[in-house]
Amino acid sequence: GKFISTEHYCIACNNPRSITMTAVRPLSNYASMIAAAFCAALLVLPAAQAQTYPTKTIRLILPFAGGTDTVGRLVAGKMSEALGQQIVPDPRVGATGNIGFLAASKAPADGYTIVVGAVPVLTNPHVNPAVGYDFKDFAPISLLATIPNTIVVHPSVPVKNMRELISLARANPGKIAYGSGGFGSANHLASELLQLTTKIKFTHVPYKSATFGLAGSIAGEVDMVIVVISSALPFIKSGRMRPLVMLDTQRNPTVPDVPTSAETGLPGLIAVNWYGLLAPAGTPRPIIDRLNAESVKAMSAPDMRERFAKLGGEVQTRNPEQAAEFLRAEYERWGKVIREANIRIK
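Rules used in this analysis
- Residues numbered from 1 in each chain as written.
- Predicted model: local features only at pLDDT ≥ 70, side-chain atom pairs only at ≥ 80, totals over all residues.
- Heavy atoms only, no water.
- Buried < 20%, exposed > 50% of the residue type's maximum accessible area, 1.4 Å probe, protein only.
- Helix = DSSP H or I, 4+ residues; strand = E, 2+ residues; numbered from the N terminus.
- Contact = heavy atoms within 4.5 Å.
- Polar contact = N/O pair within 3.5 Å; in protein donor to acceptor, adjacent residues only side chain to side chain.
- 1 Å grid on protein atoms, 1.4 Å probe; cavity = no way out; pocket = protein on both sides within 12 Å on 5 of 7 lines; lining within 4 Å.
- Points joined across faces, edges and corners; volume = space filled by probe spheres on them.
- Nonpolar A, V, L, I, M, F, W, Y, C, P; charged D, E, K, R; others polar.
- Phe/Tyr/Trp six-rings, centres within 6.5 Å; stacked < 30°, edge-to-face > 60°.
- Expected span 1.5 Å × (residues − 1).
- Axes fitted to C-alpha atoms, helices over the stretch in contact; angles between N-to-C directions.
- Parallel < 35°, antiparallel > 145°, perpendicular 65-115°, else oblique.
- Left-handed = near helix turned anticlockwise from the far one by under 90°.
- Right-handed = clockwise from strand over helix to strand, strands pointing away.
- Salt bridge = Lys/Arg side-chain N within 4 Å of Asp/Glu carboxyl O.

**Digging into helix α4 (residues 120-127)**
Here is step 1 of the chain: For α4, a buried count of eight out of eight residues is recorded, marking the element as mostly surrounded by other parts of the structure.
Here is step 2 of the chain: Within α4 the residues assigned to the buried category are Pro120, Val121, Leu122, Thr123, Asn124, Pro125, His126 and Val127.
Here is step 3 of the chain: Those residues of α4 hidden inside the fold are in contact with α3 (98-106), β6 (138-153), α6 (186-198), β11 (272-280) and α11 (320-341).

**A closer look at the side chain of Glu330**
Here is step 1 of the chain: Within the secondary structure, Glu330 sits in helix α11.
Here is step 2 of the chain: What makes Glu330 buried here is its relative accessible area of 9%.
Here is step 3 of the chain: Of note is the side chain of Glu330, whose polar atom sits 3.5 Å from the side chain of Trp274.
Here is step 4 of the chain: With near-sequence residues (within four places) excluded, Glu330 lies in contact with Leu122, Trp274 and Gly335.

**Focus: the environment of Asp289**
Here is step 1 of the chain: Among the secondary structure elements, Asp289 is positioned in helix α9 (residues 285-299).
Here is step 2 of the chain: A polar atom in the side chain of Asp289 sits 2.7 Å from the side chain of Arg285.

**Points about the layout of surface pockets**
Here is step 1 of the chain: When its volume is computed, the largest pocket comes out at roughly 770 Å³.
Here is step 2 of the chain: Every residue lining the largest pocket is counted, 37 residues in all, and those nearest its centre are Phe64, Ala65, Gly66, Gly67 and Ala210.
Here is step 3 of the chain: Listing elements by their share of the lining of the largest pocket, those giving two or more residues are α2 (67-83), β6, α6, α7 (210-218), β9 (224-228), α8 (229-237) and β11.
Here is step 4 of the chain: A per-element tally of the lining of the largest pocket places α2 first, with four residues.
Here is step 5 of the chain: Across the lining of the largest pocket, the residue classes break down as 20 nonpolar, 16 polar and one charged.

**Quick word on the packing of aromatic side chains**
Here is step 1 of the chain: Under the definition given, this model contains six aromatic pairs.
Here is step 2 of the chain: Ring centres 6.0 Å apart and planes at 80° place the aromatic pair Tyr133 and Phe138 in the edge-to-face group. Side by side, Tyr133 and Phe138 carry an identical accessibility label, which is buried.
Here is step 3 of the chain: Between Phe135 and Tyr331 the ring centres are 5.6 Å apart and the planes differ by 25°, which places this aromatic pair in the stacked class.

**A short note on empty space enclosed by the protein**
Here is step 1 of the chain: Tallying each qualifying case throughout the model produces one cavity of 30 Å³ or more.
Here is step 2 of the chain: Reported here for the largest cavity is a volume of approximately 50 Å³.
Here is step 3 of the chain: Lining of the largest cavity is provided by Val119, Asn149, Ala186, Ala190, Ala271, Val272, Asn273, Glu330, Arg333 and Trp334.
Here is step 4 of the chain: Elements with a minimum of two residues in the lining of the largest cavity: α6, β11 and α11.
Here is step 5 of the chain: Considering each element in turn, the lining of the largest cavity owes the most residues, three residues, to α11.
Here is step 6 of the chain: By residue class, the composition of the lining of the largest cavity is six nonpolar, two polar and two charged.

**Observations regarding α9**
Here is step 1 of the chain: Counted at 1.5 Å a residue, the expected span for α9 with its 15 residues is 21 Å, and the 21 Å between its end C-alpha atoms agrees.
Here is step 2 of the chain: Those residues of α9 that fall on the buried side of the exposure criterion are Arg285, Ile287, Ile288, Leu291, Asn292, Glu294, Ser295, Ala298 and Met299.

**Examining the packing of α4 against α11**
Here is step 1 of the chain: Interhelical geometry of α4 versus α11 gives an angle of 40° and a closest axis separation of 9 Å. Of the possible angle classes, the one that applies to α4 and α11 is oblique. As α4 runs across α11, the sense of the crossing is right-handed. Taking contact as the criterion, the partners of Leu122, Thr123, His126 and Val127 in α4 are, on α11, Leu327, Glu330, Tyr331, Trp334, Gly335, Ile338 and Arg339.

**So, unusual backbone geometry**
Negative phi is the rule for most residues except glycine; trans is the rule for most peptide bonds.
Here is step 1 of the chain: Residues Tyr53 and Pro54 are joined by a peptide bond in cis, for which omega reads -5°.
Here is step 2 of the chain: In this fold, Pro54 is placed in the loop between α1 (29-52) and β3 (58-62).
Here is step 3 of the chain: With a phi angle near 60°, Lys199 is a residue other than glycine that sits in the positive phi range.
Here is step 4 of the chain: Inspection of the secondary structure assignment puts Lys199 in the loop between α6 and β8 (203-206).
Here is step 5 of the chain: Accessibility expressed as a relative area gives 71% for Lys199, which makes it exposed.

**A word on the environment of Ile288**
Here is step 1 of the chain: With respect to the element layout, Ile288 can be found in helix α9.
Here is step 2 of the chain: Placed 147 residues apart in sequence, Ile288 and Ile141 show a C-alpha to C-alpha distance of 5.8 Å.

**Focus: the pairing of β3**
Here is step 1 of the chain: Of all five residues in β3, four are buried; the element is thus mostly enclosed.
Here is step 2 of the chain: In this fold, β3 hands off to α2, which returns the chain to strand β4 (residues 87-91); that crossover is right-handed.

**Points about the pattern of salt bridges**
Here is step 1 of the chain: Under the criterion given, the structure shown has twelve salt bridges.
Here is step 2 of the chain: A salt bridge links Lys78 to Asp303, with the shortest nitrogen-to-oxygen separation between them at 2.9 Å. Residue Lys78 is found in helix α2, and its partner Asp303 is found in helix α10 (residues 302-310); the two are separated by 225 residues along the sequence.
Here is step 3 of the chain: When salt bridges with common partners are traced through the structure, they connect Arg59, Asp90 and Arg92 into a single cluster.

None of this, on its own, says anything about what the molecule does.
Shown next as C-alpha cells:
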C-alpha cells in the first residue's frame, strides 16, 4: 500500500519531522480525494491558529519576584496592546523558581500559558534531577533583556578591588562569608564560579531570596554578595556597599569606574542574568512566531530601551532559533560549573 504522510515542526529541535499517518491500499479516486483533503487540513491548521490567535486571555507565569517580575509585567503590558488580548501576570514564586517553571512545563501547549525564563530554568534540573522538568520541556520564544551581576562588599571589609579581596580570602580561608538567594540560586552559582576561578573557599550563607541576601550584606551579616547591578546600584551610590567588579565582558555605564572580570585578571568569571519568554514544548510554531514578533516589537520600543539602560541592563531580542542556541550554551556552561562544584540535591 501507499503511505499518506505530512510534516509538523518540532519546536524542541527546530527541525521539520515527517510523521507517517496511515498506510492504505490503492482505493477509488473518491477515497484518495478524502485522504488528500485530510492531509491538507493538517497542514493548514497551524496557520489558521496563528491567524485567529489569541482569542482569550494569556497567562504569564512569573517564577520570581524582583527582576523577573519587573521584566514580565513591562513586556506583558506592551504585548497586550498589540495582541488585542490581556496578558495577565501570574506569580508562582518559590523553590528557586521550580513552582512556576513546573507549572509552565505542564501547561497545555496552546499559546495561552507562557513563562518568563531566567537562569534557574536551566540550572535547577542540573542541581536537582527530580524537579520534574528539563530544558527540552520548553519552547524558546525570545530573549527579553540581560542585566549583569556585580560583586559588592560591605564597607567594613578592608578591600577596594578584586586583587585585595582575593589576597584577604586566601590569607583567611573560609572566613569571608557571602550571601545568596538560596542553594542553587543564580547568585549562589555565580559565587561557586568565583570559587572555582580563584581556587579560594568562601563561606556560603543562604537567604530566602537574592534580595534578602543583599539586605544581609548591607546589614553586615555577611561580607559580600553577588547581585544584579540594578539591585545594588542605590546602595553603591549611597556608599552602603562597595562594588569590586562587573561580571561581564564590558563595563557598565551605570558604574563606569568598576572594572570587568577580564580587567581584574579573571576573564572566565562571567555571570549575567538574562530574562526570556518560553512556552510549553509543542506549542505550534505559528503561535511561537507571533509571540516572538510582538515581544521583539515591545522590547525594541525606545522607552523600554531607556528604562533598562537606567537599570544597568540591555534589551536583548532573538528569533526562536537564536534564543534556543543561546539557552543551550547557557545550559551547558552552568551545567559544567554545577558538576565541578558538586552542587546537587539528592
